[in-house]
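Architecture and fold: a report
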Number of protein chains: 4
Amino acid sequence: MPDSRNTAESANEALDKIIQGFRRFRNDVFPQQQAFFEELAQEQNPRAMFITCSDSRVVPELITQSEPGDLFVTRNVGNIVPPYGQMLGGVSTAIEYAVMALGVKHIIVCGHSDCGAMKAVMNPEKVEHMPTVKAWLRHAEVARTVVEHNCCGGHDALSVLTEENVVAQLDHLRTHPSVASRLASGQLFIHGWIYNVGTSQILAYDAAQGKFRPVDEEPWPMATPRARYTPEQP
Amino acid sequence: MPDSRNTAESANEALDKIIQGFRRFRNDVFPQQQAFFEELAQEQNPRAMFITCSDSRVVPELITQSEPGDLFVTRNVGNIVPPYGQMLGGVSTAIEYAVMALGVKHIIVCGHSDCGAMKAVMNPEKVEHMPTVKAWLRHAEVARTVVEHNCCGGHDALSVLTEENVVAQLDHLRTHPSVASRLASGQLFIHGWIYNVGTSQILAYDAAQGKFRPVDEEPWPMATPRARYTPEQP
Amino acid sequence: MPDSRNTAESANEALDKIIQGFRRFRNDVFPQQQAFFEELAQEQNPRAMFITCSDSRVVPELITQSEPGDLFVTRNVGNIVPPYGQMLGGVSTAIEYAVMALGVKHIIVCGHSDCGAMKAVMNPEKVEHMPTVKAWLRHAEVARTVVEHNCCGGHDALSVLTEENVVAQLDHLRTHPSVASRLASGQLFIHGWIYNVGTSQILAYDAAQGKFRPVDEEPWPMATPRARYTPEQP
Amino acid sequence: MPDSRNTAESANEALDKIIQGFRRFRNDVFPQQQAFFEELAQEQNPRAMFITCSDSRVVPELITQSEPGDLFVTRNVGNIVPPYGQMLGGVSTAIEYAVMALGVKHIIVCGHSDCGAMKAVMNPEKVEHMPTVKAWLRHAEVARTVVEHNCCGGHDALSVLTEENVVAQLDHLRTHPSVASRLASGQLFIHGWIYNVGTSQILAYDAAQGKFRPVDEEPWPMATPRARYTPEQP
């Protein structure tokens, strides 16, 4: 079945489209912003860190209309943030680098509708033959358990699981030393979003209300815990 | 020093720009392609997997002019692909999912100019206080060694290291069972790219010649090893 | 069952044969080459590194008619070369030492017929009660997957798996910094062999053709990738 | 310096000698014992497990005049046996397989004179640029400490360290569950040897006397601890 999904387009056609796309970028897009790109080439100074799913339908720069240089992005299956611990890999590295080397002030964890990873959490037999995927999704096991013990079946369960997964990954995020330290001093803000591919809606987690609300509904939903220390003034 | 980089823009201003960007997406961009997004909401069927750096200046969909749904993306510090082994994390998971669940036919590993991770590999003292970053960059140690023993100093060394890192990550990619299996049967193709932010140029690794050439120079540079089996015909 | 294999010979008889063998070496073999051994005692300068299985039927010095001092040997279950990464053990150490301290110019990875490790990879239930063996053989999982997806059943599958395992371990070998560096400059050569115990045949991997051929068939089969740098001339 | 060691013989000449050696084996040696090899091809039933150094001058089958099929061999830098624990690699695997799958009754740990690994333990600066070797030799740190606190300087220290290292690795061996279990029931015997390349002498550890004696001096030196349980009779 997986193999049949890609039969309409041959491997050569796929590569051809990618290379032609690059030619359009180089010939049509780049020349109009050449000075911007040349300046950008010297240093990055991103506005925020964006952690989202590898899903091809979720394009962070598109849905926030960001320019190159705006978002420091890490993407993986299920927008997972493993907790800080013995096994530290790519996500933990990206967090440490974004916070300590780049000094970002926002970290956004963004889930999305129709997520294959969330479906696999609900139906583990789908990934029975993918041992690495199965092991990775243990990081969403806490969300599955919350839903199983508190909630609903069917289609609605997928939405709730997707939300609970974002909440769980925000909790994981807070276990990282560099994050915890700056949350405690009010220097860093964290956000939990859900992007709906079919409607363009984005919901954000409001920790005070314990629920998700439209990201641009005033006052803006906040997931950042209260700072316990005042940062030193320069 | 890192903290001073973000002083020009306050945390509130940064978040405001991101939310305003989303409003432009929802109000201006989405309505023009609503039918496309609604269809996309049902399933993804990406053309290729794209493994690149978290660097904010590298936007895969921009530089290949791809649409949502085209590229399955995983991004981390240094566009690293850890080898298959006992410690399997997010990149290994994304590879297994892209190949086995989605059936992608191309995997592109894309490095870029002015990469902070590559600079850190050359100057480890820069990340001395970031233990997770330091451990992660061991996956690029092979590239550092190749350059140290074979090459040049100064600015040029950074370019060569960036290339060698892509070659090394392609070697790592080949240690993943799902990848090796489809390489052996000619069903999967792997590519090593370097994107230059300031010039828009993309170079690709040509394994037969042992060097990088413009990605769209005919015949297109190929990094895929020779297949040892003929796939069954449908 | 395993215990019954060794019932014909008692533990005392086994030790006795080993000690008597040593006496023959000391009394009959050594005196004829005493000057050679005395010179050898000062330093080793091996011609090649030989990585092969612990199997008692594979004697590297016998099948290449090598003298003491010729081959730097590391042997383990399944002639495995773990990829370079966070867990570095005996094989990685031997490689680093052979290449950096001894300056060997050839590394031969040699599998063999009727390999118990390869049989265990095909039938994991055989080692279900041997957790260390089972974990170790994950380094051959890539070979198992290649065979499962591309090939044949029965006796032939064991031969193909044995070949694919050697190819996989050559790929792993290339992830080691000391190896990659010297491959890039053409100072090191790697070889993938299969020794057939019952026929004395040795096949070697020819990367350009993507298949195994007799090791002494002209032109000799080569597994070494193309060098990207020219070594400095002395 | 390391690179200069191998300059007398070119890479081509080295490979040529190995291939010619194989031809002599196939054409001259194999035909005289063809029936023996054909029977051996079906199954291995080794007399003992032999753990020794990768050093090219130590050929286990030569110094015990063993035939193919007699010795199950694992070789690494310094004839190290890592203790049983979280990081289980090739040596631990070979032990588990030899004891549980093959049912060997003897395990011999064999050090040797002029060992580069032991010299590196005494002079760590020699391997300062070989991080993997350095980490691996931590398994011999206990031997270094014993010598430092109890013994002598100079050339003699190397001999004592080589002996202490074998004693330490025997202690490590006893931490492996499969070994400990069979030692407790008297079904397995362990031996600590030192082979002198220049004199052909082999010394063996006599645990009761706490010292090394000639391996074939009656009564044979024994390193196996007293069994605490009587094995069940069949």
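Residues numbered from 1 in each chain as written. Chains lettered and ligands numbered in written order. Predicted model: local features only at pLDDT ≥ 70, side-chain atom pairs only at ≥ 80, totals over all residues. Heavy atoms only, no water.

In the nomenclature of an unreviewed UniProt entry, chain A is known as Carbonic anhydrase of Marinospirillum alkaliphilum DSM 21637. Taken verbatim from the UniProt record of chain A, the Sequence similarities (unreviewed entry) comment is "Belongs to the beta-class carbonic anhydrase family." (UniProt positions renumbered as here; feature names shortened; annotations may be inferred.)

**A word on the packing of aromatic side chains**
The final tally for this structure, using the stated rule, is 32 aromatic pairs over all chains. Between F30 of chain A and F37 of chain A, the ring centres sit 5.3 Å apart and the planes meet at 35 degrees, which makes this aromatic pair tilted. According to the relative accessible area criterion, F30 of chain A is buried, its value standing at 4%. What links up through ring pairs into an aromatic cluster is the set F25, F30, F36 and F37 of chain A together with Y195 of chain B. (Phe/Tyr/Trp six-rings, centres within 6.5 Å; stacked < 30°, edge-to-face > 60°. Buried < 20%, exposed > 50% of the residue type's maximum accessible area, 1.4 Å probe, protein only.)

**Structural notes on the interface of chain B and chain C**
In many reports, interface size means the accessible area that the parts give up when they come together. Taken together, the contacts link 36 residues of chain B with 36 residues of chain C. Roughly 3200 Å² is buried in total at the junction of chain B and chain C, and carbon and sulfur atoms are behind 55% of that figure. On the surface where chain B and chain C come into contact, there are four salt bridges. Here R228 of chain C makes a salt bridge to E164 of chain B, at a shortest N to O gap of 2.5 Å. Applying the counting rule to chain B against chain C returns 16 residue pairs in polar contact (both at pLDDT 80 or more). Partitioned by chemical class, the residues of the side of chain B that touches chain C number 15 nonpolar, 13 polar and eight charged. (Contact = heavy atoms within 4.5 Å. Buried area = accessible area lost by both parts, 1.4 Å probe. Salt bridge = Lys/Arg side-chain N within 4 Å of Asp/Glu carboxyl O. Polar contact = N/O pair within 3.5 Å; in protein donor to acceptor, adjacent residues only side chain to side chain. Nonpolar A, V, L, I, M, F, W, Y, C, P; charged D, E, K, R; others polar.)

**Brief notes about the pattern of salt bridges**
Pairs may arise between side chains of opposite charge once their charged atoms sit close together. Tallied over the entire structure, the rule returns 60 salt bridges over all chains. Salt-bridge contacts for D70 of chain D lead to R47 of chain D; the nearest nitrogen and oxygen are separated by 3.6 Å. Residue D70 of chain D is found in the loop between α4 (60-63) and β2 (71-76), and its partner R47 of chain D is found in the loop between α3 (34-40) and β1 (48-53); the two are separated by 23 residues along the sequence. What makes D70 of chain D buried here is its relative accessible area of 15%. The residue R213 of chain D makes a salt bridge to D206 of chain D at a minimum N-O spacing of 2.8 Å. Each member of the pair, R213 of chain D together with D206 of chain D, is buried. In this structure, a network of salt bridges that share partners links the residues E9 and K17 of chain A together with R47 and D70 of chain B. (Helix = DSSP H or I, 4+ residues; strand = E, 2+ residues; numbered from the N terminus.)

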